[in-house]
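Listed here are the chains, written in short residue letters.
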Amino acid sequence: MRIRSIHPADHAQLLQLWRRTPGIRLRAEDELEPFCAYLQRNPELSLLLEDDAGHAVGSLLVGHDGRRGYLQHLLVDSPFRGQGWAKALLQEALRRLALLGIRKSHVFVLEDAPEALAFWQMQRGWAARDDIRVYSTTGD
Ligand SMILES: CC(C)(COP(=O)(O)OP(=O)(O)OC[C@H]1O[C@@H](n2cnc3c(N)ncnc32)[C@H](O)[C@@H]1OP(=O)(O)O)[C@@H](O)C(=O)NCCC(=O)NCCS
């Protein structure tokens, strides 16, 4: 098992993994072109966990806006859960962001993703915010 940077060529197998994982909500931005643009805008930040055969079994998309880091699509495939891999992905992401001077990050977690909520609840140095309400454009 190893953690490495995500490359554009990983898109097809990542999309497969994301599609079959409850808790991950896919958007138009997950299609190939915007995926590649995201990687180009945030070089060497997003992470892939691969097994010994080279198959993608986990991911974490990592970006920043120059002030804050934003994490998306944290996922570890079921057979590999409970072994600390999500924590390792998170630590590596924060390490890479810190090298760029980004010391504070956010993640938006779906209310109907109980495993994700349990994971984030356990993370030292992270706290759920009840002083902020997120407003997003609806596309209307
Ligand atoms: C959430 C997810 C990434 C966790 O992956 P994981 O590799 O099993 O997590 P880890 O093994 O690194 O767990 C780290 C800590 O979180 C805790 N944790 C993780 N999943 C948990 C669960 N389902 N229930 C309770 N605690 C949990 C672990 O006990 C561990 O605690 P420790 O550090 O004290 O040992 C994985 O369950 C997943 O991919 N879920 C589906 C996709 C999803 O919802 N992603 C989140 C998007 S924000």
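These numbers were taken from a predicted model, which means no experiment stands behind them.

Analysis parameters
- Residues numbered from 1 in each chain as written.
- Predicted model: local features only at pLDDT ≥ 70, side-chain atom pairs only at ≥ 80, totals over all residues.
- Heavy atoms only, no water.
- Helix = DSSP H or I, 4+ residues; strand = E, 2+ residues; numbered from the N terminus.
- Buried < 20%, exposed > 50% of the residue type's maximum accessible area, 1.4 Å probe, protein only.
- Polar contact = N/O pair within 3.5 Å; in protein donor to acceptor, adjacent residues only side chain to side chain.
- Pairing = 2+ DSSP bridges.
- Right-handed = clockwise from strand over helix to strand, strands pointing away.
- Near = heavy atom within 4 Å.
- Areas by Shrake-Rupley, 256 points an atom, 1.4 Å probe, with all protein chains shown as cover.
- Nonpolar A, V, L, I, M, F, W, Y, C, P; charged D, E, K, R; others polar.
- Phe/Tyr/Trp six-rings, centres within 6.5 Å; stacked < 30°, edge-to-face > 60°.

## A look at the environment of Asp131
- Examined against the element boundaries, Asp131 turns out to sit in the segment after helix H4 (114-122).
- Take Asp131: its relative accessible area is 55%, and that puts it in the exposed class.
- Counting along the chain gives 57 residues from Asp131 to Leu74, while the straight-line C-alpha distance between them is 24 Å.
- There is a polar contact of 2.9 Å between the side chain of Asp131 and the side chain of Arg129.

## Here's the deal with the pairing of strand S4 (residues 69-76)
- Here strand S3 (residues 56-64) runs beside S4; their pairing, made up of 6 bridges, is antiparallel. Of the residues in S4, the one forming a bridge with His64 is Gly69.
- Between S3 and S4, which follow one another and run antiparallel, lie 4 residues, and Gly66 among them has a positive phi close to 95°.
- Both S4 and strand S5 (residues 105-107) contribute to a ladder of 3 bridges, which runs parallel. Considered in S5, the bridge of Leu71 is made with Val107.
- Each parallel crossover has a hand, and for S4 linked through helix H3 (residues 85-99) to S5 it is right-handed.

## Some points on the site of the ligand
- Inspection of the region around the ligand gives 21 residues, with Leu74, Val76, Gly82, Gly84 and Lys87 positioned closest.
- In this structure, a nitrogen atom belonging to the ligand sits 2.6 Å away from a main-chain N or O atom of Leu74.
- Gly84 is positioned such that a nitrogen or oxygen atom in its backbone is 2.8 Å from an oxygen atom of the ligand.
- About the coverage of the ligand: the protein hides 75% of its 930 Å² of free accessible area.
- Counting residues per element, the ones that place at least two in the shell around the ligand are S4, H3 and H4.
- For the shell around the ligand, the element with the most residues is H4, which contributes 6 residues.
- Class assignment of the residues belonging to the shell around the ligand gives a composition of 12 nonpolar, 6 polar and 3 charged.

## Some details on the packing of aromatic side chains
- Taken as a whole and judged by the stated rule, the model has 3 aromatic pairs.
- Arranged with centres 6.1 Å apart and planes meeting at 65°, the rings of Trp18 and Phe35 form a pair that is edge-to-face. Here Trp18 is found in helix H1 (residues 11-19), whereas its partner Phe35 is found in helix H2 (residues 32-41), with 17 residues between them in sequence.
- Consider the rings of Phe119 and Trp120, whose centres lie 5.2 Å apart with planes at 85°: the pair is edge-to-face.
- Under the relative-accessibility criterion, Phe119 is labelled buried at 18%.
- What makes Trp120 buried here is its relative accessible area of 11%.
- Three or more aromatic residues joined by ring pairs form one cluster here, namely Phe119, Trp120 and Trp126.

By themselves these figures say nothing about function.
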